[in-house]
Amino acid sequence: MTCSRARKWIALHAGGDLHSRRARRLETHLRKCAGCRAELEEHKSILDAVRGIAGRETLDWSETEWKSLMAQTTRKRPEAVRLPPLAAFPKRAWAYGSAVLLLAGISALILRALISPPAPLPVSEKMPPTPLPSSRPLPGWTAASAAPARDLPFRIPSEQKAIARTAMAARPADGKPAQDVLSLTLVSQETGLRVHWTFNRNFEWEEKRR
Amino acid sequence: MDDKESRLVELVLSGRKEAFEPLVSPYRSLLLTLAFRLSRNVEDAKEISQETLMRAFRYLGSFDRKRSFKNWLLQIEMNVWRGRGARTWDERTLHELATRDAADGPEEKLAEAEVRRKLLACLQGLSPREREVFLLRDIEGRSIKETAEVLRLSSLSIRVHLSKARGKIRMLVKERFPGLMGEGR
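Source: prediction; values computed, not measured.

Novice: Teacher, can you tell me more about the packing of aromatic side chains here?
Specialist: What describes a pair of aromatic rings is the distance from one ring centre to the other and the angle between the planes of the rings. Residue and element names in this part refer to chain B. All told, the structure shown has six aromatic pairs over all chains when counted by the stated rule. Arranged with centres 5.5 Å apart and planes meeting at 80°, the rings of Phe63 and Phe69 form a pair that is edge-to-face. Both residues of the pair, Phe63 and Phe69, belong to the buried class. On the numbers, 5.8 Å between centres and 40° between planes, the contact of Phe69 with Trp72 is tilted. Of the two residues, Phe69 and Trp72 are both situated in helix H5 (residues 69-83); the distance of three residues between them amounts to about one turn of the helix. Of the two residues, Phe69 and Trp72, both sit in the buried class.

Have a look at this one:
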């Protein structure tokens, strides 16, 4: 313990008003520090002097004065008990009220989270997984097969159908495609989502090897 | 509050006014002396004590019987004193006090009165709250808990005020009256 800390406690210790644990710590310090011991002695001396002098000055009423005072004091009746407006509430009513309000707020938040519908997902999460390219050879590309089925959930843009028809028409007699890259764009009729597929020559060659 | 006091309170509240005197009689000197220590004036002390007893009688119905009756009276007296402005003592009051007993006494009383005057001059350096705490704890001998109950403060707050009050008095005595400590013993 430092002397500055000890000096904060010495005044209380002089009158025996320090908590026992602190008093023990202070006593340990006082055994080692002569300066703090001297300060404690000064405090005790002054307290003794004040108590000694004050203890000798006591006043009292004379009997005549006292009788007169009692007669004057008890002239009226004591007032009936009147509780202040808030006295009917328990002493910690404000604490109980705050706790109830806090619990109500938390309950409202939980209920709202349970009852309200989930937030709409972003568009990107609605996309179906990208289909893997088929390992089978492409079916025969004819104008009829390129036409969209009526029950498909998407449509093929008209210009793309025209390109596909042109590509099929330009196909040579040996059955090999006349172009290196074939692209296909699918547009969802419900959401307007566009999916772009691209097939290249290498992919077909490998398929054919199977 | 003991059973006797509780019975006396019941009697007063039931209309037996004469039961008030035995109820407050054990504290009549205590109230007057404390009022004097606060105000340092006999006439003021009598007025404060009288007002205290009148309030005690008037509001006896609201007294909580689980509490100490003495502490309740002291609390009323502190409130009365504060309501009167909690004045600090002037030099005239100190002189009057110092010579009150000495005027018709022997030489020793003159010396004692001088010591008392010097000590009271040191108490004047305290704030009203510090003086209340100091008087109740160090002069009236109330415990920390009782002092806290009378002044309606926490025990921690009482300790803080008490520590400050004792520290101030020590400094004042050392500065102004270095020989006083030996005289007071």
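Novice: Can you help me understand unusual backbone geometry in this one?
Specialist: Leave glycine aside and you will find that most residues have negative phi; peptide bonds, for their part, are mostly trans. We note that B:Arg152 has phi near 55°; this positive angle belongs to a residue other than glycine. Mapping B:Arg152 onto the fold places it in the loop between helix H9 (144-151) and helix H10 (155-176).

Novice: Sorry if this is basic, but what is going on with the interface of chain A and chain B here?
Specialist: Interface size is commonly expressed as the accessible area that is lost once the parts come together. Contacts between chain A and chain B engage 39 residues on the former and 48 residues on the latter. Taking both partners together, chain A and chain B bury about 4400 Å²; carbon and sulfur atoms supply 59% of that area. When the area that chain A buries against chain B is broken down by residue, the three leading residues are A:Glu57, A:Leu59 and A:Trp61, summing to 17%. Linking chain A with chain B are nine salt bridges. For the salt bridge of B:Glu21 with A:Lys67, the shortest nitrogen-to-oxygen distance reads 3.1 Å. Applying the counting criterion to the chain A and chain B interface returns 18 residue pairs in polar contact (both at pLDDT 80 or more).

Novice: What is the right way to read the confidence of the model for chain B from this model?
Specialist: Detailed conclusions should not be drawn from predicted coordinates in areas where pLDDT is low. Scored by pLDDT, chain B comes out at a mean of 80, with 79% of its residues at no less than 70. Ranking the elements of chain B by mean pLDDT puts helix H11 (residues 180-184) of chain B last, at 52, and H9(B) first, at 90.

Novice: I keep staring at the state of the cysteines and nothing clicks. Help me out?
Specialist: Put plainly, two cysteines are in a disulfide when a covalent bond ties their sulfur atoms together. Residue and element names in this part refer to chain A. Enumeration according to the criterion identifies zero disulfides over all chains in this entry. Of the cysteine sulfurs around Cys3, a residue in no disulfide, the closest is that of Cys33, at 3.6 Å. Relative accessible area serves as the criterion here: at 28%, Cys3 is assigned to the partly exposed category. Unpaired in terms of disulfides, Cys33 finds its nearest cysteine sulfur in Cys36, a separation of 3.5 Å. According to the relative accessible area criterion, Cys33 is buried, its value standing at 14%.

Novice: Would you take a moment to explain the pairing of strand E2 (residues 181-188) of chain A for this structure?
Specialist: Regular strands have side chains that alternate between both faces of the sheet. All names here are of chain A. Bridge analysis of E2 against strand E3 (residues 194-200) gives seven bridges, and the strand direction is antiparallel. Its bridge partner being in E3, Val181 is matched across the sheet by Asn200. The loop that links E2 with its antiparallel partner E3 comprises five residues; one of these, Gly192, has a positive phi angle of about 80°.

Novice: I would appreciate a short explanation of the packing of helix H3 (residues 28-39) of chain B against helix H8 (residues 128-139) of chain B in the present structure.
Specialist: To characterise two packed helices, one gives the angle between the axes of the helices and the distance between these axes. Residue and element names in this part refer to chain B. Running from N to C, H3 and H8 point in directions that differ by 140°, and their axes come no closer than 10 Å. As summarised for this structure, H3 and H8 are arranged oblique, according to the angle between their axes. As for how H3 packs across H8, the hand of that crossing is right-handed. Across the interface between the two elements, Leu34, Arg37 and Leu38 of H3 pack against Arg131, Glu132, Leu135, Leu136 and Ile139 of H8. Classifying every residue of the contact of H3 with H8 by side-chain character gives five nonpolar, no polar and three charged.

Novice: Sorry, what's going on with the confidence of the model for chain A here?
Specialist: On average, residues of chain A carry a pLDDT of 72, and 59% of them reach 70 or more. Between the elements of chain A, mean pLDDT differs from a low of 49, seen in helix H7 (residues 143-146) of chain A, to a high of 89, seen in helix H5 (residues 93-115) of chain A.

Novice: Would you take a moment to explain helix H4 (residues 42-58) of chain B for this structure?
Specialist: Each turn of an α-helix holds 3.6 residues, which means side chains three or four residues apart point in the same direction. Taking 1.5 Å per residue, 17 residues should reach 24 Å; H4(B) reaches 24 Å between its end C-alpha atoms and fits that length. Of the residues making up H4(B), those classed as buried are B:Asp44, B:Ala45, B:Lys46, B:Ile48, B:Ser49, B:Thr52, B:Leu53, B:Ala56 and B:Phe57. Those residues of H4(B) hidden inside the fold are in contact with helix H4 (63-73) of chain A together with helix H1 (3-13), helix H2 (20-24), H3 and H5 of chain B.

Rules of the game
- Residues numbered from 1 in each chain as written.
- Chains lettered and ligands numbered in written order.
- Predicted model: local features only at pLDDT ≥ 70, side-chain atom pairs only at ≥ 80, totals over all residues.
- Heavy atoms only, no water.
- Phe/Tyr/Trp six-rings, centres within 6.5 Å; stacked < 30°, edge-to-face > 60°.
- Buried < 20%, exposed > 50% of the residue type's maximum accessible area, 1.4 Å probe, protein only.
- Helix = DSSP H or I, 4+ residues; strand = E, 2+ residues; numbered from the N terminus.
- Contact = heavy atoms within 4.5 Å.
- Buried area = accessible area lost by both parts, 1.4 Å probe.
- Salt bridge = Lys/Arg side-chain N within 4 Å of Asp/Glu carboxyl O.
- Polar contact = N/O pair within 3.5 Å; in protein donor to acceptor, adjacent residues only side chain to side chain.
- pLDDT = per-residue confidence, 0-100.
- Disulfide = S-S within 2.5 Å.
- Pairing = 2+ DSSP bridges.
- Axes fitted to C-alpha atoms, helices over the stretch in contact; angles between N-to-C directions.
- Parallel < 35°, antiparallel > 145°, perpendicular 65-115°, else oblique.
- Left-handed = near helix turned anticlockwise from the far one by under 90°.
- Nonpolar A, V, L, I, M, F, W, Y, C, P; charged D, E, K, R; others polar.
- Expected span 1.5 Å × (residues − 1).

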